[in-house]
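Examination of the molecular architecture
Below, each chain spelled out in residue letters.
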Amino acid sequence: MGVDSMRVLNIDIDGVVADLLTPWLDYYNSRTGESIKKSDITCWDLEDCLQHKEVIREFLYLPGVYRNLEVIGNAKKVLKELNKDFKLQFVTATPHHARDDRLYWVQKHFPYIKDIYFAEDKSTIKADLLLDDRPKNLISFPGIKVCFDHEYNKNVPVAHYRVKDIEEFFRLVYRFWG
């Protein structure tokens, strides 16, 4: 199949293939003395869930935050397989000041994904499908909506499909277009 005829999959980064929440909570807990766990986060915007808003914001401006994130699960392996049959595009709302670190991270972990879009409104990036963890992004996307399941988005019915991990996403994609 030629590149032009391939299905296009838009994939969010943070919360889908990069674990931003673990270091964020580690930082938050170390600065506040609290013991917040991932399971305590029940809304997407941490400022709506946690008390110390200034600590939440300052984490995102720490040097190297976006450069040093861990890859979630088997995302490297699974996306490399998907890349054989689909055009993969990363679509991220990474803050402007951290975009160089984000590009470094993508090149290090996913060098075969060449299309990276920085967009607050992900519905503007054309694709057949969007995999995202943020309800707002899924609501506005015109194609197939797949929610990457987390505690903070469990009660938001905005997606056509919901997956608990990248392997389940892989099976879903091949169910559509395998």
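As the structure is a prediction and not an experimental result, all values here were calculated from the model.

Regarding the overall build of the protein chain
Looking only at helices and strands, the protein chain features 7 helices and 8 strands. The C-alpha atoms of the protein chain give a radius of gyration of 16 Å, which matches the 16 Å a tight globule of 178 residues would have. In terms of principal-axis extent, the alpha carbons of the protein chain reach across some 55 × 35 × 30 Å. Across the 178 residues that make up the protein chain, the buried fraction comes to 46%. Relative to all contacts within the protein chain whose residues are 6 or more apart in sequence, the contacts with residues 24 or more apart total 61%.

A closer look at the packing of helix α4 (residues 75-82) against helix α7 (residues 166-177)
Close contact between α4 and α7 brings their axes to 9 Å; oriented N to C, the two are set at 15 degrees. By the angle class used here, α4 and α7 are roughly parallel. In the packing of α4 onto α7, the handedness of the crossing is left-handed. In this structure, α4 uses A75, V78, L79, E81 and L82 to contact α7, whose residues at the interface are I166, E167, F169, F170, V173 and Y174. Looking at side-chain class alone, the contact of α4 with α7 contains 9 nonpolar, no polar and 2 charged residues.

Points about the state of the cysteines
For the structure shown, the criterion picks out 1 disulfide. Bridging C43 to C49, the disulfide has an S-S length of 1.7 Å. Note on C147: no disulfide assigned, nearest cysteine sulfur contributed by C43 at a separation of 14 Å.

Criteria and cut-off values
Residues numbered from 1 in each chain as written. Predicted model: local features only at pLDDT ≥ 70, side-chain atom pairs only at ≥ 80, totals over all residues. Heavy atoms only, no water. Helix = DSSP H or I, 4+ residues; strand = E, 2+ residues; numbered from the N terminus. Rg over C-alpha atoms; globule rule 2.2 N^0.38 Å. Buried < 20%, exposed > 50% of the residue type's maximum accessible area, 1.4 Å probe, protein only. Contact = heavy atoms within 4.5 Å. Axes fitted to C-alpha atoms, helices over the stretch in contact; angles between N-to-C directions. Parallel < 35°, antiparallel > 145°, perpendicular 65-115°, else oblique. Left-handed = near helix turned anticlockwise from the far one by under 90°. Nonpolar A, V, L, I, M, F, W, Y, C, P; charged D, E, K, R; others polar. Disulfide = S-S within 2.5 Å.

Keep in mind that these numbers describe shape and distance, not what the molecule does.
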